[in-house]
Amino acid sequence: MSPSSEQSSRPDENSGTDNPPCKLSIETIVETAIYGDCLDELERFYTDVMNLPVMAKETGRHVFFSAGPSSVLLVFNPQTTLQGHVFPPHGATGPGHVAFGVRHETLDAWRAKLQAHEIEIEKEHHWPKGGISLYLRDPAGNSVELITPGVWGTPAGW
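About the thresholds
- Residues numbered from 1 in each chain as written.
- Predicted model: local features only at pLDDT ≥ 70, side-chain atom pairs only at ≥ 80, totals over all residues.
- Heavy atoms only, no water.
- Helix = DSSP H or I, 4+ residues; strand = E, 2+ residues; numbered from the N terminus.
- Buried < 20%, exposed > 50% of the residue type's maximum accessible area, 1.4 Å probe, protein only.
- Contact = heavy atoms within 4.5 Å.
- Polar contact = N/O pair within 3.5 Å; in protein donor to acceptor, adjacent residues only side chain to side chain.
- Pairing = 2+ DSSP bridges.
- Axes fitted to C-alpha atoms, helices over the stretch in contact; angles between N-to-C directions.

Draft legend 1. Main features of the environment of E124. Position of E124 among the secondary structure elements: in strand 6 (residues 123–126). Classification of E124 by relative accessible area gives partly exposed; the value is 33%. In sequence terms E124 and L146 are 22 residues apart; their C-alpha atoms lie 9.5 Å from each other. Apart from residues lying up to four places away in sequence, E124 is in contact with R111, I132, S133 and L134. Of note is the side chain of E124, whose polar atom sits 2.9 Å from the side chain of R111. At 3.0 Å, the side chain of E124 forms a polar contact with the side chain of H126.

Below you can see the structure in the form of structure tokens.
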């Protein structure tokens, strides 16, 4: 094996510079995916009940929603995404889970909105760090959680 073939292919290593290797870290979750075959019902639920604007959709395949200033909720029909497309195949069976952060002072308004849409709150949980979770179901049976700051104790407050 020649010396050049033994050199590392990692960035900044053996590059002849004094730059230390960069430390890789995850900044945030940008996309979260859940699945359901009733895309029209899911679109109505996430726009009308959860107040999420639609960003993009492809009939029979997906509906994508803006979820706050830096996140996207991807709702896929697993029957189509398991087949692959332009992107690698993916999918899931059974209920998924997604949690949306909301301000504590809005919980009563959320409870009223859910009641007005006849959406049952399956469980309300008060966490040791002061956060509160409301659990409900979307039309596909996915577990949807509304959480207030103080659940995880993250630097952003959640």
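That shown, we press on.
Draft legend 2. Broad picture of the sheet that holds strand 6. What the 4 strands build is an open sheet, ordered 5-8-7-6; its pairing is mixed. Of all strands in the sheet, those with a lone pairing partner are strand 5 (97–101) and strand 6, marking the two edges. Going across the sheet, the axis of each strand differs from the next one's by a mean of 20°, ignoring polarity. As defined by bridge partners, strand 7 (residues 132–137) adjoins strand 8 (residues 143–147) across 5 bridges and the pair is classed as antiparallel. Opposite L134, over in strand 8, you have L146 as the bridge partner. Running over the sheet, helix 4 (residues 107–116) touches strand 6, strand 7 and strand 8 and is turned about 15° from strand 7.

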